[in-house]
Structures are given as C-alpha cells and as structure tokens.
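Reading the structure
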Amino acid sequence: MTGTAAPKRLYIKTYGCQMNVYDSERMADVLRPLGYAMSDQPEGADLVVLNTCHIREKAAEKVYSEIGRLRVMREEKQAAGLGTSTIVVAGCVAQAEGEQIMARAPAVDLVVGPQAYHQLPELIARASRAKGERLAADFAPEDKFDALPSDRAVTGPTAFLTVQEGCDKFCTFCVVPYTRGAEWSRPVASVLAEARALAEKGVREVTLLGQNVNAYNGLDESGAPSSLAALARALAKIEGLDRIRYTTSHPNDFSDDLIAAHGELEELMPYLHLPVQSGSDKILRAMNRKHSAQKYIDLIGRIREARPDIAISGDFIVGFPGETEKDFEDTLNLVRQIGHASAFSFKYSRRPGTPASAMPGQVAPEVADERLQRLNALLEAQRQDFCASLVGRTLPVLFEKRGRHAGQAIGRSPYLQGVHVEAAEQLIGRIVPVRIEAAGPNSLSGALPQQEMAQATA
Ligand code: 5AD
Ligand code: SF4
C-alpha cells in the first residue's frame with residue numbers, strides 16, 4: 001500500500017468517574033499509533049467506544065439505550081455505502097455484565113474491561129475477523145500500566161493520573177470491589193515517570209486517582225511500600241508540577257503522615273474529597289464503613305488543624321436500607337458540623353449482587369427523593385457560603401482554557417472552583433493571583449491585579 005491513509009475516526013463516550021476519564025484518554029493513546037484520530041461525535045466514526053459506569057442502576061442502563069442508537073447509526077452508515085463501524089463496550093459495565101451485554105446486544109463487537117484496554121488493537125483486529133473472542137475482562141492492572149504507551153496526549157495544564165485501582169473495603173452498597181477488583185497500587189517509579197512526562201508537556205497540576213487513593217502503597221525503588229504522602233512529596237519535587245490533588249479517599253486509610261503532608265506541602269491543594277456516606281452510626285455499620293460519624297468528624301478536625309483553609313467535599317447516600325428519619329437527621333447534623341465546600345449526594349441504588357440489595361427495610365423511592373432534596377438544599381447553601389467567603393480574597397488561579405467570550409480565561413482556584421477572569425489567552429498554563437470579586441451560581445469571577453494585567457497584555 002502506498003500513500004497516507006485517511007485517519008480513522010474514533011469516538012469515545014465516557015460515563016462515570018474521573019478514572020474513566022483517565023482510561024478513555026489512555027485508550028485514545030493506545031489507538032493513536034493505529035491511525036485513529038479523535039472525533040467529537042459518533043456519526044461517521046469508524047470505532048465507537050462506550051466507557052461505562054456500573055455504580056448506580058441509571059448509569060448502567062444508559063449503556064443499553066446508547067448501544068441501540070449506535071446500531072441504528074451504523075445501519076444508516078452502511079446503507080449509505082460509507083462502510084461500517086466497530087462498537088466497543090469498555091469500563092465497569094463491561095467487566096460486570098460482559099456476558100449479558102453480548103447476549104442482549106449482538107450489535108456490540110467487543111467487550112473490554114478496565115484492566116484489558118491496553119490490548120485494544122489486537123482485540124479489535126480479532127473481533128473483526130471472527131465471532132467468539134469478544135470479551136476481555138482480565139483483573140490484573142499490572143500488565144496494563146506496563147503496556148500503556150509512555151507518550152500521553154496532553155490537552156491542557158491539568159491531568160488525571162491513576163496511581164491505585166480497586167477496593168478491598170466492600171461497603172455493602174457498592175459494586176466497585178467486584179468491577180475494579182482488589183486494591184492495587186502502581187509502583188512509584190511508574191507514577192513519577194508519567195508525571196515527569198506530563199510536566200515536560202506543560203502540565204502544572206495532576207490529580208492522582210484511585211478508588212481508595214489514600215490506601216496507596218506502591219513499591220519504591222528499594223522495593224519498600226511507599227505511602228500516598230511520600231508519593232506526594234516526590235511528585236512535588238518535579239520541576240513545573242505545582243499542584244497536586246488526589247481522589248477518592250477513605251477515612252480509615254487517612255494516616256497522620258498524610259495529614260502532616262497537608263500542613264507541609266504547598267503543592268498539595270487545600271481541597272479534600274473524603275466521602276462519609278451517612279451521619280448515622282447504625283447506617284454506617286450496615287454499610288460496613290467500619291468507622292463512626294464521630295471518628296469522621298474528629299478526623300476532619302485534625303486535618304483542619306494541619307491545614308486550616310482546607311475545603312471539604314464528600315459523598316452521601318440517602319435512603320440506604322433501614323434508614324429512618326432519625327438516621328437521616330443524623331446525616332444532616334454531620335453535614336452541619338463539617339461545613340462543605342462541595343459534595344455529591346445520591347439516592348441509594350440497589351445493585352444486584354451487593355449485600356445491601358438483599359437487606360430488609362428498603363426505603364420507598366418517594367421518601368428517598370424527599371430526603372435527597374433536603375440534603376441537597378443544605379449542601380448547596382454550604383457551597384454558596386463557602387464561595388461567598390472567598391469574595392474579596394486574592395487566590396492563585398491556574399488558567400486552563402479560554403472563556404466563552406473573547407478576552408475571557410477560565411481557571412481554577414486552589415479549592416477547585418472555576419474562576420472566570422477578563423484576561424488574555426497567554427495566561428493559560430500559568431498560575432496567577434486573582435482578586436475574587438463575585439460568587440456566581442456555579443463559579444467565581446475575579447480580576448487580575450494591575451501588574452499582572454499589564455504583563456499579560458504587553
Ligand atoms: N447507590 C447510590 N450511591 C452509590 N455510590 C456507590 N454505590 C452506590 C449505590 N449503590 C456512591 C457513593 C460513592 C460514590 C462514588 O457513589 O457515595 O462514594
Ligand atoms: Fe465502594 Fe466503599 Fe470501596 Fe468506595 S470504599 S469504592 S464506596 S466499596
């Protein structure tokens with residue numbers, strides 16, 4: 001064959017958490033050498049990947065309706081004589097329901113779990129040749145990280161970086177231990193190499209990802225387990241890498257060393273996502289969380305001693321089996337005691353195979369809805385209070401992209417809020433002090449101090 005072939009088009013739709021965002025980026029990295037270029041729409045794509053989420057029923061069900069749409073799209077493409085497209089289901093639904101997907105949705109060419117996507121090139125080739133080998137759902141992440149290309153496409157000054165996968169906690173509501181497997185940590189050298197490569201490409205902020213990221217215990221060069229705090233200290237030394245975040249943590253893995261790191265490392269951003277799920281000890285026990293509400297409150301107190309301005313975020317579930325009005329009020333009370341800068345709240349979703357799905361006392365949907373509304377109202381008021389408390393302060397903002405109108409740039413505060421500023425595009429990739437002037441419904445707005453403005457427009 002001679003000449004350069006037209007690039008093949010790849011569309012990836014990502015559902016769920018940040019780890020899926022990372023995995024989607026890495027799938028694109030794996031497929032790029034084969035001539036696949038990213039497309040931002042499924043129409044006309046040669047390869048469509050659905051990177052799926054299994055955490056709640058709604059997320060999982062969306063996959064099947066999306067497959068239906070893709071099948072129709074492919075038939076239209078074929079009827080118009082424009083060739084065909086390959087449909088791949090990846091991610092956690094692929095891992096958990098691979099067999100069912102293939103039975104229920106024959107339009108799917110390939111099902112590939114979260115630990116097997118580094119094999120996509122050969123899997124796609126095989127799937128196109130024969131029916132049969134269409135399911136890859138290995139469980140060991142080691143091979144994947146060794147096999148992924150070291151060259152990552154970078155899209156801006158921030159990046160996700162997976163350092164830990166899987167979960168051994170077995171909260172009774174959660175599918176993650178079944179979809180992502182046992183806790184496993186990436187070796188320190190592998191993480192540092194990826195971080196250095198990112199920094200060389202202009203990345204200023206990394207968010208370390210793991211289902212239980214603060215249980216990180218990857219081996220260092222000497223073969224000894226390293227902690228997340230030690231990893232953060234090593235990352236902070238990388239030239240150009242000025243901001244480090246991590247998510248998601250478990251209260252029981254929060255070591256004194258990690259608390260100390262928050263007090264000591266300027267690079268460790270003062271924002272912490274630390275889910276508690278409920279404020280009722282009875283529900284926490286039924287959830288198998290293995291900590292009390294008070295233990296969580298005390299832990300936040302110790303973290304705040306080390307880093308007084310730290311912004312707290314969390315996850316909450318309402319309507320867990322057996323949750324009474326009193327249990328729910330305990331959750332509201334915990335929320336009032338903590339004071340959140342942001343939070344995510346969910347209605348309990350019954351997941352097949354999890355212990356909670358068989359528990360007595362399932363809560364009526366309308367009761368759970370009503371509780372969710374009340375919790376959301378409280379969390380939203382706290383979020384707005386937190387944003388309002390920043391007005392008048394000057395915060396370092398990492399500029400990430402252009403705003404919607406010309407002459408506007410958007411960055412992030414240390415506390416993870418978006419900040420809109422009338423500023424030149426040249427600021428993108430820089431960390432600049434911004435005076436916060438107003439707190440809008442979803443973001444802050446601010447202005448550059450005069451001197452910065454002069455430099456940026458010079
Ligand atoms: N129902 C509702 N929310 C859930 N989460 C996990 N499993 C479920 C479930 N079955 C929430 C938890 C977790 C977040 C990622 O999703 O709050 O921290
Ligand atoms: Fe799920 Fe609990 Fe593990 Fe988090 S700690 S991933 S909620 S089992």
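The structure displayed is predicted, hence computed values, not measured ones. (Residues numbered from 1 in each chain as written. Chains lettered and ligands numbered in written order. Predicted model: local features only at pLDDT ≥ 70, side-chain atom pairs only at ≥ 80, totals over all residues. Heavy atoms only, no water.)

1. Some details on helix α12 (residues 325-338)
For α12, built from 14 residues, the straight-helix expectation of 20 Å at 1.5 Å per residue is met to within 8% by its first-to-last C-alpha distance of 20 Å. Among the residues of α12, those classed as buried are Asp 327, Phe 328, Thr 331, Leu 332, Leu 334, Val 335 and Ile 338. Buried positions in α12, seen along its axis, are confined to an arc of 155 degrees and lie on one side of it. Pointing more than 90 degrees away from the buried face of α12 are the exposed residues Lys 326, Arg 336 and Gln 337. (Helix = DSSP H or I, 4+ residues; strand = E, 2+ residues; numbered from the N terminus. Expected span 1.5 Å × (residues − 1). Buried < 20%, exposed > 50% of the residue type's maximum accessible area, 1.4 Å probe, protein only. Arc of directions from axis to C-beta.)

2. Considering the site of ligand 1
With respect to spatial proximity, the complete set of residues near ligand 1 consists of Ile 55, Arg 56, Phe 173, Gln 277, Asp 315, Ile 317, Phe 346, Lys 347, Tyr 348, Ser 349 and Arg 351. One of the backbone nitrogen or oxygen atoms of Phe 173 is found 3.0 Å away from a nitrogen atom of ligand 1. Between ligand 1 and the protein, one listed contact pairs an oxygen atom with a side-chain N or O atom of Gln 277 at 2.6 Å. Sorting the residues of the shell around ligand 1 by element identifies β14 (315-318) and β15 (344-347) as the ones contributing at least two each. In the shell around ligand 1, the residues fall into 5 nonpolar, 2 polar and 4 charged. (Near = heavy atom within 4 Å. Polar contact = N/O pair within 3.5 Å; in protein donor to acceptor, adjacent residues only side chain to side chain. Nonpolar A, V, L, I, M, F, W, Y, C, P; charged D, E, K, R; others polar.)

3. Some thoughts on the sheet that holds strand β3 (residues 47-52)
The strands that make up a sheet pair up through hydrogen bonds in the backbone, lying either parallel or antiparallel. With respect to topology, 6 strands assemble into an open sheet ordered β2-β1-β3-β4-β5-β6, the strand pairing being parallel. Where the open sheet ends on each side, the last strands, each with one partner, are β2 (36-38) and β6 (135-136). Looking at chain direction, β3 and strand β4 (residues 86-90) are connected through 5 bridges and run parallel. Opposite Val 48, over in β4, you have Ile 87 as the bridge partner. Along the sheet face, helix α3 (residues 91-104) touches β3, β4, β5 (110-112) and β6 and points at about 140 degrees away from the line of β5. (Pairing = 2+ DSSP bridges. Contact = heavy atoms within 4.5 Å. Axes fitted to C-alpha atoms, helices over the stretch in contact; angles between N-to-C directions.)

4. A closer look at the domain arrangement of the protein
Annotation of the protein at the domain level lists domain 1 (8-138), domain 2 (143-390) and domain 3 (394-457). Here domain 2 and domain 3 have C-alpha centroids that lie 27 Å from each other. Between domain 2 and domain 3 we count 0 salt bridges in total. For the pair domain 2 and domain 3, the number of links is 7 residue pairs in polar contact (both at pLDDT 80 or more). Among the elements that line the side of domain 2 that touches domain 3, the one with the most residues is helix α13 (residues 365-390), at 5 residues. (Domains from an automatic or database assignment. Salt bridge = Lys/Arg side-chain N within 4 Å of Asp/Glu carboxyl O.)

5. A word on the pattern of salt bridges
In this structure the tally under the stated criterion is 36 salt bridges. The partner of Asp 29 in a salt bridge is Arg 32, with the nearest N and O atoms 2.8 Å apart. Residue Arg 371 is joined to Glu 325 by a salt bridge in which the shortest nitrogen-to-oxygen separation is 3.9 Å. Of the two residues, Arg 371 is situated in helix α13 and Glu 325 in helix α12; the sequence distance between them amounts to 46 residues. Since its relative accessible area comes to 31%, Glu 325 is described here as partly exposed. Through salt bridges with shared partners, one network takes in Glu 25, Arg 26, Asp 29, Arg 32, Arg 152, Arg 186 and Glu 194.

6. Details of a negative patch on the surface
A cluster of acidic residues, Asp 138, Glu 142, Asp 143 and Asp 146, forms a negative patch at the surface. Within the fold, Asp 143 resides in helix α5 (residues 141-147). Asp 143 gets classed as partly exposed once you look at its relative accessible area, which sits at 49%. (Patch = residues over 30% accessible without salt bridge, like charges linked within 9 Å, V, L, I, M, F, W, Y side chains within 5 Å. Areas by Shrake-Rupley, 256 points an atom, 1.4 Å probe, with all protein chains shown as cover. Lys, Arg positive; Asp, Glu negative; His and termini not counted. Charge placed at Lys NZ, Arg CZ, Asp CG, Glu CD.)

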